[in-house]
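# Structure assessment
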Amino acid sequence: MKIDATDRRILALLTDNGRMSYVDIAKELGLSRVAVRERIHQLTEEGVIEKFSVVINSDKVGKSVSAFFEVDCEPTSLVRVAETLAENPKVASCYQMTGPSTLHMHVLVEDFDELENFINEELYALEGITRVESHILLRRFKSRSGLKL
């Protein structure tokens, strides 16, 4: 699928407000509601739009400790370890990276006791991990979910 300027404008509007109505997008772009609906449907069908979701403020729901981990694994254990961590509800994101660490992971928990428990009982318990380095978030200056066009 070739993305044109109108598709990019639709994506930009939806990125700013995923609940924006077809009518409001149509007014903004000078299109019909049906044309907007069809374009969004096509963008979704082609996988350009992966999903519509809500972004929750972790502090407001009691997940006030945000930690980032650099995790090294034995090469033969990498996929198993990454898949296990990705299934853990405390893990907000997990990526295979180049550079000094194999996996980069973001964890959200309620407090430092829960973080300590995660590290000792869930992270260190995984076979194949050779090194773990952690970083605690002190203050967030910018946070964004997904790609911004």
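With an unreviewed UniProt entry as reference, the protein chain is termed Lrp/AsnC family transcriptional regulator, source organism Alkalihalophilus sp. As8PL.

### Focus on helix α5 (residues 112-123)
Every buried residue of α5 is listed here: E114, L115, F118, I119 and L123. In an axial view of α5, the angular spread of the buried residues amounts to 140 degrees, which keeps them on one side of the axis. Opposite the buried face of α5, at more than 90 degrees from it, the exposed residues are D113 and E121. In this structure, the buried side of α5 is in contact with β1 (65-73), α4 (78-87), β2 (91-96), β3 (103-109) and β4 (129-136). Measuring from the backbone nitrogen of D113 back to the side-chain oxygen at the start of α5 gives 3.2 Å, which picks out D111 as the cap.

### A look at the nonpolar core
F69, V71, L85, L103, M105, F118 and L123 are the most contacted members of the largest nonpolar core, which totals 20 residues. Of all elements in the fold, only β1, α4, β3 and α5 reach the threshold of two or more residues within this core. Here this core gets five residues from one element, more than from any other, and that element is β1. Those residues in contact with L85 that sit more than four places away from it in its chain are V91, C94, L103, M105, F118, L123 and L126.

What counts, and where the lines are drawn
Residues numbered from 1 in each chain as written. Predicted model: local features only at pLDDT ≥ 70, side-chain atom pairs only at ≥ 80, totals over all residues. Heavy atoms only, no water. Buried < 20%, exposed > 50% of the residue type's maximum accessible area, 1.4 Å probe, protein only. Helix = DSSP H or I, 4+ residues; strand = E, 2+ residues; numbered from the N terminus. Arc of directions from axis to C-beta. Contact = heavy atoms within 4.5 Å. Polar contact = N/O pair within 3.5 Å; in protein donor to acceptor, adjacent residues only side chain to side chain. Core = buried A, V, L, I, M, F, W, Y, C linked by side-chain atoms within 4.5 Å.

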